[in-house]
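# A closer look at the structure
Here is what each chain is made of, one letter per residue.
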Amino acid sequence: MEYIHPEDRAAYLKDIEAVFSGASTRHSCQYRAKNKYGDYVWLECKGSVIADADGKPLVFAGLMTRLDNQNKYDPLTHLLTNYEMQKYDFSTGNGAILLLGINAFRKINNTNGFLYGNKVLVALSECLDHFTDKCDRIYRFQGDEFVILSPDGSKEALCKLFHIVNDYCNNIRGLKSFSVSAGLVSYPEDGTDFNTLMSNLEHSLEYAKEQKSGWIAEFSEKISQRHLRTSRLHEALTQSIHNNYEGFELYFQPILDAKTKKITECESLLRWKTPEIQDATPYEFIKILEDSGEIREVGYWVMEEALRHAAIWQKKYNNISVSFNVSYIQLLDGEFIDKLIATAKELQVDPRLIMVELTESCNADDTKMLSLQFDKLQKLGFKIAMDDFGTEYASFGLLHDVTMDVLKIDQKFVRGLIREGNKTDMAIIENVVNMCRQLSIQTVAEGIETEEIQDIIRSIGVSYLQGYLYSKPVPAAAFERMVEGERR
Ligand code: C2E
Ligand code: CA
Ligand code: CA
């Protein structure tokens, strides 16, 4: 009952009670119910009672159909639906289409609740209605995506509209500012049927979101090629996973104590190659794994591999710590943490020599969950690091909610140190280091490429050094030679 719209409950109850009281053998009713996203959708429920030979009710069976899939209008925004758009004839005429998506809508929903999310959707639909021409058709395509179809319009006009809408989203009374991204196509140039046009629009929107929030991308050959490459890489990655992680390898990059300049630690970094694909960067293939969710499986492999090396080096070199990267989605179920604890136990690795680096681009929205999971690890001695500190707006929020042992200052700030007259990066690093000292958090500077930067970093008092000046990430055997060379 709690899922049914309050206005429809009475009608629903009356109809269903008639069946269960025996007054009727048929149930037929339309009502709104909340789906798993918290949106009300229209349902039609029809059922009947089947009696046994004696006329006694045997079974009550029926069928529930989602009505608004086939409805002309979206019940929330009252815009035309996706279903309606599929009926449109794109094979004649010259027009342009814009696909708009709200940036970080999942986050908006998660932090403010779905009712607030609905308000954002309604406000955006009203804005679209207000700023579009009379002959434009506006559809709520799906979730947070809207389509503006301009039957005789131009891409230029829709591009202009996009910027007007984006400005407007900054300033809606009662709502926090948000932004939209968009993909843009024209027909017949980019397709003459619904499926082709929509798929080209989706790829363009995806491209726009990757470039920058609040951006618009016109469909082009480049976007089409990118999509092809992503699909090809994805297919090959899945194949590698199925073939027992063939093609994946962990490299290790040394991390030095800033005082002694001795290797005390290393970061595990994932590499992937197949005979056909040799040039995929970690940024490229990890993003694909994150988007598909397969980073969970690969993440287990990385964790086990990192711990396996840690176990060897713990015996061989006594006290070299090993860190590895985890993406936020790997932590969404508590299983990862339990598996890590169990693996460390099984391989007899001292947890104090293991560090988990949380890549900050994760946009963690459930910091309470993170905090609980990390507490569990830290109690056992595992170390937690926040990666790429300063690159995402949530840095301080995350620091506030989650206890960190180590903070890794992003390369962006480190590299800027030698730029002439650059006081900003210096001030940022100095203050971050100061803050960490007060909080008993250790710091690592990443991306040290020159002696000059190293000297500045050491003078500021950063605890650990990492960068090409010492070594690029290398295979395990090469890392061992490095450690042994240093100890000799
Ligand atoms: P990250 O965690 O920030 O890793 C540091 C990156 O900086 C590495 O790139 C490393 O090779 C590079 N780097 C280190 N020192 C220098 C330097 O002095 N100069 C320059 N220009 N670069 C330097 P890499 O290996 O390409 O990894 C890229 C990113 O991919 C990592 O950034 C991390 O976010 C992600 N990643 C790598 N392995 C894994 C993994 O096993 N799991 C997950 N979830 N993410 C991973
Ligand atoms: Ca890292
Ligand atoms: Ca980093």
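In what follows, the accompanying structure is described. Bear in mind that the values here come from a model prediction, so they are computed numbers and not experimental data. (Residues numbered from 1 in each chain as written. Chains lettered and ligands numbered in written order. Predicted model: local features only at pLDDT ≥ 70, side-chain atom pairs only at ≥ 80, totals over all residues. Heavy atoms only, no water.)

## A closer look at the packing of helix H10 (residues 335–346) against helix H11 (residues 367–379)
At a minimum axis separation of 10 Å, H10 and H11 run at an interaxial angle of 10°. One way to sum up the angle between H10 and H11 is to call them roughly parallel. Residue-level inspection shows Ile-337, Asp-338, Leu-340 and Ile-341 of H10 in contact with H11, the latter providing Gln-373, Lys-376 and Leu-377. Across the contact of H10 with H11, the residue classes tally to 4 nonpolar, 1 polar and 2 charged. (Axes fitted to C-alpha atoms, helices over the stretch in contact; angles between N-to-C directions. Helix = DSSP H or I, 4+ residues; strand = E, 2+ residues; numbered from the N terminus. Parallel < 35°, antiparallel > 145°, perpendicular 65-115°, else oblique. Contact = heavy atoms within 4.5 Å. Nonpolar A, V, L, I, M, F, W, Y, C, P; charged D, E, K, R; others polar.)

## Notes on the pairing of strand S13 (residues 354–358)
For S13, a buried count of 5 out of 5 residues is recorded, marking the element as mostly surrounded by other parts of the structure. Taking every second residue as pointing to the same face, both faces of S13 are buried, with Ile-354, Val-356 and Leu-358 on one and Met-355 and Glu-357 on the other. Relative to S13, strand S12 (residues 321–326) is paired through 5 bridges, and the arrangement is parallel. By the bridge assignment, Asn-325 is partnered in S13 with Glu-357. With H10 bridging S12 and its parallel neighbour S13, the resulting β-α-β unit is right-handed. Where S13 meets strand S14 (residues 383–389), 4 bridges bridge the pair, whose relative direction is parallel. Within S14, the residue paired with Leu-358 across the bridge is Met-386. (Buried < 20%, exposed > 50% of the residue type's maximum accessible area, 1.4 Å probe, protein only. Pairing = 2+ DSSP bridges. Right-handed = clockwise from strand over helix to strand, strands pointing away.)

## Some details on the coordination of the calcium ion (ligand 2)
Taken together, the protein ligands of the calcium ion (ligand 2) are Glu-267 (OE), Asn-325 (OD1), Glu-357 (OE) and Asp-387 (OD), with distances of 2.1 to 2.3 Å. In primary sequence terms, the donor set of the calcium ion (ligand 2) follows E-x57-N-x31-E-x29-D. Separation of the calcium ion (ligand 2) from the calcium ion (ligand 3) amounts to 4.1 Å, with Asp-387 serving as a shared donor to the pair. Of the two residues, Glu-267 sits in strand S11 (residues 263–272) while Asn-325 sits in strand S12, which places them 58 residues apart along the sequence. The exposure class assigned to Glu-267 is buried, which follows from its relative accessible area of 3%. (Donors = N, O, S within 2.8 Å, 3.2 Å for Na, K, Ca; no water.)

## Looking at the site of ligand 1
Taken together, 25 residues form the shell around ligand 1, and within it Asp-387, Gln-411, Arg-415, Glu-449 and Tyr-468 come nearest. One of the side-chain N or O atoms of Gln-411 is found 2.6 Å from an oxygen atom in ligand 1. Here ligand 1, which alone exposes 800 Å², has 91% of that area covered by the protein. Where the shell around ligand 1 is concerned, the elements lending two or more residues are S11, helix H8 (282–292), S12, S14 and helix H13 (411–415). When residues of the shell around ligand 1 are assigned to their parent elements, the largest contribution, 4 residues, is made by S11. (Near = heavy atom within 4 Å. Polar contact = N/O pair within 3.5 Å; in protein donor to acceptor, adjacent residues only side chain to side chain. Areas by Shrake-Rupley, 256 points an atom, 1.4 Å probe, with all protein chains shown as cover.)

## Focus: the pairing of S11
When you tally the buried positions in S11, you get 8 out of 10 residues, the bulk of the element. Where strand S10 (residues 248–257) lies against S11, 9 bridges are found, and the strand directions are antiparallel. Bridge assignment links Ile-255 to a residue of S11, and that residue is Glu-265. Between S10 and S11, which pair antiparallel one after the other, the connecting turn spans 5 residues, and Lys-261 there sits at a positive phi close to 55°. As paired elements, S11 and S12 share 3 bridges and run parallel to each other. Across the sheet, the residue bridging to Cys-266 is Val-322, located in S12.

## Some details on the packing of helix H6 (residues 194–211) against helix H7 (residues 221–242)
Remark: H6 packs on H7, axes separated minimally by 10 Å, with the N-to-C direction vectors making an angle of 90°. Classified by the angle their axes make, H6 and H7 are roughly perpendicular. Each of His-203, Ser-204, Tyr-207, Glu-210 and Gln-211 in H6 lies in contact with H7, whose residues at this interface are Lys-222, Ile-223, Arg-226 and His-227.

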